[in-house]
Amino acid sequence: KHGKGCYKWEDGRMYFGDYNFDQKHGFGVYKWADGRVYVGQWAFGKYDSTRIYILPNGEVKKAQWDGETKGAYIPMDKEEIDRVNAAKNEAIKIAN
């Protein structure tokens, strides 16, 4: 795949976003079957270093990661949280 696309797994996971050479690359939304959502950048199939998660209870968390090690949470203002939720909602609407 190359460009925008959507992929759904049988277990309820889904990804909507950019692809490059069959890998998630660029902006995308990944939703786990349990309701957690990652909104943000991908690089060659892996999460970017700044990760934004939306928990099933609606809480939005942003953190800087170094490889697989999470750093401190980064505060987000209401405008940024609203943009993240809008991107999530649009991706899920398109995927369904």
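Residues numbered from 1 in each chain as written. Predicted model: local features only at pLDDT ≥ 70, side-chain atom pairs only at ≥ 80, totals over all residues. Heavy atoms only, no water.

## Focus on the packing of aromatic side chains
Going by this rule: Here a Phe, Tyr or Trp ring, Trp counted by its six-membered ring, pairs with any other such ring whose centre lies within 6.5 Å, and the pair is stacked when the planes are under 30 degrees apart, edge-to-face when over 60, and tilted otherwise. Numbering goes from the N terminus for both helices and strands, where a helix is a DSSP run of H or I of at least four residues and a strand is a run of E of at least two. Relative accessibility thresholds used throughout: buried, under 20% of the residue-type maximum; exposed, over 50%; partly exposed, between the two (1.4 Å probe, protein chains only). Either the NZ atom of lysine or the CZ atom of arginine qualifies as a charge over a ring when it sits within 6 Å of the ring centre and within 35 degrees of the ring normal.
Throughout the structure, instances matching the rule amount to twelve aromatic pairs. Ring centres 6.2 Å apart and planes at 55° place the aromatic pair Tyr30 and Trp42 in the tilted group. Of this pair, Tyr30 sits in strand β3 (residues 23–31) while Trp42 sits in strand β4 (residues 37–43); the two residues are twelve residues apart in sequence, bridging distant segments of the chain. A residue is classified by how much of its surface remains accessible, and Tyr30, at 7% relative accessible area, is buried. Pairing Trp32 with Tyr53 gives two aromatic rings, centres 6.1 Å apart and planes at 35°, and the pair type is tilted. In this pair, Trp32 sits in the loop between β3 and β4 while Tyr53 sits in strand β6 (residues 50–54), placing the two residues 21 residues apart along the sequence. Chaining the aromatic ring pairs together yields one cluster made of Tyr7, Trp9, Tyr15, Tyr19, Tyr30, Trp32, Tyr38, Trp42, Tyr47 and Tyr53. Over the ring of Trp42 we find Lys24; its NZ or CZ atom is 5.2 Å from the centre of that ring. Positioned over the ring face of Trp32 is Arg36, at 4.3 Å from the centre of the ring.

## Some remarks on the pattern of salt bridges
When the charged atoms of two side chains lie near each other, side chains of opposite charge can form a pair. To keep things clear, this is the line we draw: Whenever a carboxyl oxygen of Asp or Glu lies within 4 Å of a side-chain nitrogen of Lys or Arg, that contact is scored as a salt bridge.
Scanning the entire structure with this criterion turns up eight salt bridges. Across the pair Asp11 and Arg13 runs a salt bridge whose closest N-O atoms are separated by 3.0 Å. For Asp34, the salt bridge identified is with Arg36, shortest N-O distance 2.9 Å. Classification of Asp34 as partly exposed rests on a relative accessible area of 48%.

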